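Architecture at a glance
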Amino acid sequence: MRNRLTRLFTALAVGIVLAAGACASDPEPGSGRGGPTSPAQPGGTFTIALPSYPTRGLNPHVGAAFDASQVLRNSYDSLIAEDRDEKFHPWLASEWTVSPDGTVYEFTLRRDVTFHNGEKFDAAAVKANIDVLRNPDTPSWTVLGLLQYSSVSAVDVVDPYKVRITLSTPRADFLSTLAGLSGAIVAPSTLNVGKETLTSGIGLVGSGPFILDKAVQGQELRFHRNPDYRWGPATAAHQGAAYVDDLVVEYIPEASTRAGLLRSGEVDAIGTVKATDISLFDGIDGFQYEQIGSSAAPTVIMLNLTNGPTTDVRVRRAIAAGVDIAAVVDSLTKRSQQRAWSLISPDSAYYDAKYETKGKPDVAAARALLDQAGWTGKDADGYRTDAAGQRLTVRLLATTPTYPEDDFLKAWQAELRQNLGIRVDLQFVENAQVYDLLARNQYEAFPRQVGGLDLSLQFNRAYGSTTPDLKYGQIDGITLGSIVAGAKLADPRVDRWLIEATKATDPQQRKQLFDTITAHLLDNAVAIPLYTDRNSVAASSAIHNVTALFDPPRNTVNAWAYDIAVR
């Protein structure tokens, strides 16, 4: 095989030539057509190119909140699985019960599971993992434990294959926590290491369908099939060992380069297909394209309520109304993404379509709001000023964005200048810096897609009370606020609704509460919904079960290759 550098230059050249001849019309979302019709056969190597390496390391308990880390699902199993309808199914646990008050969970475990190092999976292994997640001295505490396991009061081994988990308060999101990578079960002996090793994840062992062989930081992960695997989740398309012998995940940040690699046959599939590249694969002989919605939170811009001009609700409402977001999204993504009207994904069970008739742009009303707020002057560059001659500036702080956020933010900047005379200062930094800068509170806007399998976790993190210096806390063992709560909202009413929604086990009651929260936040322009999370893959027509690469219900491209076959 040619070396990596040669491959990248070859792919880039192919991508440029193909993009130049691509159809300019808006593509229709694909349905995976073009895939093989013959039965899947074992053997071969599956290679996929993805945009982002798991920069937080290879410990599933540390990186579970980040899309790039979902590829670790290939090596790690969970007690239960969650499907696209947000329903739960057996995996390492064959069955479970929940007490009527929603605080006691008992799981009966499979007896035939072994970790990659030969260790036996049992109730003691489950307890060891959850105890680590609950331990404030471990690196997983601030990422997962504080947010998702803070309500766990006890983990008891009932017998070797039955474990009881007791919560201090009911949590409607707890099964989602256990079903996600946040509930991955690691071989207990490999958890008895120092903080540095736990953070990196090197040497941790799972029980999944693939075994990690090699990790090249920022470039590549290589796995080989676990031949003994017989405990796939009930949501999988087959049982037994994985089809392919080897899985190779290449990390290529440039979308056009990924497209070129697939077109030249250097890889079998790519994730996160840019809008301008869809027509290279969708409906094209030899390829298949798949796009799917997600229950993950939409991408939003949170407006800082504690600093600068966005402390004024009139300014926030003007910013929300001053841009035709739907037109920008459609233009930039060729309709491969959709305008978000709510803070809840349209693929979530809690979505209410009524917000699609609200939130329309109204530039005239937005200008009137800015006038009322005292921004009536204009400087030599055409920007609005107040009575003191201070320019109306919104400093937007963000982790260095990728597609489509990078294109959107530049268009949003231009629209606010043209429509309202607002200067948007785009400040992009590496992820390691952004939280320190958020704590300094010298910004007015923060774009983010807040992660979390369950809607309560998404809302609690984004809109629970958070002070300007990023302090947050707990109510009844439920953590509210987080380091990504860019609006720094501190509203006792919202906190109360959030806690009630987290505890509510009745879906209709939860939906009512989420609607109350959403209506309040949108009315006060705490956050501006931008676009929904729609993920995409393109693949060779030889690849079986391409949709298996999506991780339900968030449907991120996790490259879970258990059901993938290459022949």
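A few points on the structure. (Residues numbered from 1 in each chain as written. Predicted model: local features only at pLDDT ≥ 70, side-chain atom pairs only at ≥ 80, totals over all residues. Heavy atoms only, no water.)

With that settled, the discussion passes to the packing of aromatic side chains. Going through the model one piece at a time under the given rule, you end up with 15 aromatic pairs. The interplanar angle of 45° and the centroid separation of 5.3 Å between the aromatic rings of W560 and Y562 together place this pair among those described as tilted. Site record: aromatic cluster; members linked through ring pairs are W91, Y229, W231, W560 and Y562. Its end group placed over the ring of W341, R339 keeps NZ or CZ at 4.1 Å from the ring centre. One residue, K360, lies across the ring of W341, its end atom 4.5 Å from the ring centre. (Phe/Tyr/Trp six-rings, centres within 6.5 Å; stacked < 30°, edge-to-face > 60°. Lys NZ or Arg CZ within 6 Å of the ring centre and 35° of its normal.)

Let's shift gears to the packing of helix α8 (residues 313-321) against helix α10 (residues 363-372). The N-to-C vectors of α8 and α10 enclose an angle of 160°; their axes lie 8 Å apart at closest approach. Compared by their axis directions, α8 and α10 come out roughly antiparallel. You can see that α8 and α10 cross each other, and the crossing is left-handed. Residues R314, V315, R317, A318 and A321 of α8 form the contact with α10, whose participating residues are V363, A366, L369, L370 and Q372. Grouping the amino acids of the contact of α8 with α10 by side-chain chemistry returns seven nonpolar, one polar and two charged. (Axes fitted to C-alpha atoms, helices over the stretch in contact; angles between N-to-C directions. Helix = DSSP H or I, 4+ residues; strand = E, 2+ residues; numbered from the N terminus. Parallel < 35°, antiparallel > 145°, perpendicular 65-115°, else oblique. Left-handed = near helix turned anticlockwise from the far one by under 90°. Contact = heavy atoms within 4.5 Å. Nonpolar A, V, L, I, M, F, W, Y, C, P; charged D, E, K, R; others polar.)

Our focus in this paragraph is the environment of K378. Examined against the element boundaries, K378 turns out to sit in strand β14 (residues 377-378). On a C-alpha basis, the gap between K378 and D122 in space is 69 Å, while along the polypeptide they are 256 residues apart. When sequence neighbours within four positions are dropped, the list of residues in contact with K378 reads Y383, R384 and T385.

On the secondary structure map, E444 appears in the loop between α12 (431-440) and β18 (445-448). Since its relative accessible area comes to 2%, E444 is described here as buried. Among the polar contacts made by the side chain of E444, one reaches the side chain of R395 at a distance of 2.6 Å. Excluding residues within four positions of it along the chain, E444 makes contact with M302, L303, N304, N307, G308, P309, T310, T393, V394 and R395. (Buried < 20%, exposed > 50% of the residue type's maximum accessible area, 1.4 Å probe, protein only. Polar contact = N/O pair within 3.5 Å; in protein donor to acceptor, adjacent residues only side chain to side chain.)

The next point concerns the pattern of salt bridges. Two side chains carrying opposite charge are able to pair once their charged atoms lie near each other. Applying the stated criterion across every chain, the model contains 19 salt bridges. Here D112 makes a salt bridge to R110, at a shortest N to O gap of 2.8 Å. Take R110: its relative accessible area is 22%, and that puts it in the partly exposed class. Three or more residues joined by partner-sharing salt bridges are found here, namely K127, D131 and R134. (Salt bridge = Lys/Arg side-chain N within 4 Å of Asp/Glu carboxyl O.)

A complete count under the given rule lists seven cavities of 30 Å³ or more for this structure. Estimates place the volume of the second largest cavity at around 70 Å³. Residue lining of the second largest cavity: A297, P298, V300, L343, R448, Q449, V450, Q458, F459, A462 and Y463, and that is the complete set. For the lining of the second largest cavity, the element with the highest residue contribution is helix α13 (residues 455-463), accounting for four residues. Looking at the lining of the second largest cavity residue by residue, the classes come out as eight nonpolar, two polar and one charged. (1 Å grid on protein atoms, 1.4 Å probe; cavity = no way out; pocket = protein on both sides within 12 Å on 5 of 7 lines; lining within 4 Å. Points joined across faces, edges and corners; volume = space filled by probe spheres on them.)

Purely geometric numbers; function is a separate question.
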